[in-house]
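Results of the structural survey
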Amino acid sequence: MDFKLNNWFFDFEKAKAESKKMRKPILLQFHRDNCSGCRTLYSLTYQDAEVASELFNWFIPLHIDILKDQ
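Residues numbered from 1 in each chain as written. Predicted model: local features only at pLDDT ≥ 70, side-chain atom pairs only at ≥ 80, totals over all residues. Heavy atoms only, no water.

**Re a nonpolar patch on the surface**
A grouping of L28, F30, I66 and L67 is seen on the molecular surface, where their side chains present a nonpolar patch of about 380 Å² in accessible area. Relative to the assigned elements, L67 resides in the segment after strand 2 (60–65). (Patch = residues over 30% accessible without salt bridge, like charges linked within 9 Å, V, L, I, M, F, W, Y side chains within 5 Å. Areas by Shrake-Rupley, 256 points an atom, 1.4 Å probe, with all protein chains shown as cover. Salt bridge = Lys/Arg side-chain N within 4 Å of Asp/Glu carboxyl O. Helix = DSSP H or I, 4+ residues; strand = E, 2+ residues; numbered from the N terminus.)

Printed below as a string of structure tokens:
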């Protein structure tokens, strides 16, 4: 998997502050280890240059581990 979580937020409060500052909605990516849907997003969807461009232009991306960050 080549996907890197560079430029993603990992803290909800920081993402919320950036969202207000930039006037963009938060795109929340829930993650769980060994999740097949997550692997598909990382290996196919987020690797697409157009998807990445749209994601960062229109949203504040927030990555939350559903088991660690409850």
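**With respect to the environment of F56**
Note on placement: F56 falls in helix 3 (residues 49–58). Considering only alpha carbons, one finds F56 and A15, 41 residues apart in sequence, at a separation of 13 Å. Filtering out sequence-adjacent residues up to four positions away, F56 remains in contact with N6, N7, W8, K24 and P61. (Contact = heavy atoms within 4.5 Å.)

**Some words on the side chain of D65**
Within the element layout of this structure, D65 appears in strand 2. Put simply, D65 is tucked away with no salt bridge, and the nearest opposite charge, on K68, sits 4.2 Å away. With residues near it in sequence (within four places) discarded, D65 still touches H31 and D33. (Buried < 20%, exposed > 50% of the residue type's maximum accessible area, 1.4 Å probe, protein only. Lys, Arg positive; Asp, Glu negative; His and termini not counted.)

**A word on the packing of aromatic side chains**
Throughout the structure, instances matching the rule amount to two aromatic pairs. Ring plane angle 35° and centroid distance 6.3 Å describe the contact between Y42 and Y46, whose orientation is recorded as tilted. One exposure class covers both Y42 and Y46, and it is buried. Site record: aromatic cluster; members linked through ring pairs are W8, Y42 and Y46. (Phe/Tyr/Trp six-rings, centres within 6.5 Å; stacked < 30°, edge-to-face > 60°.)

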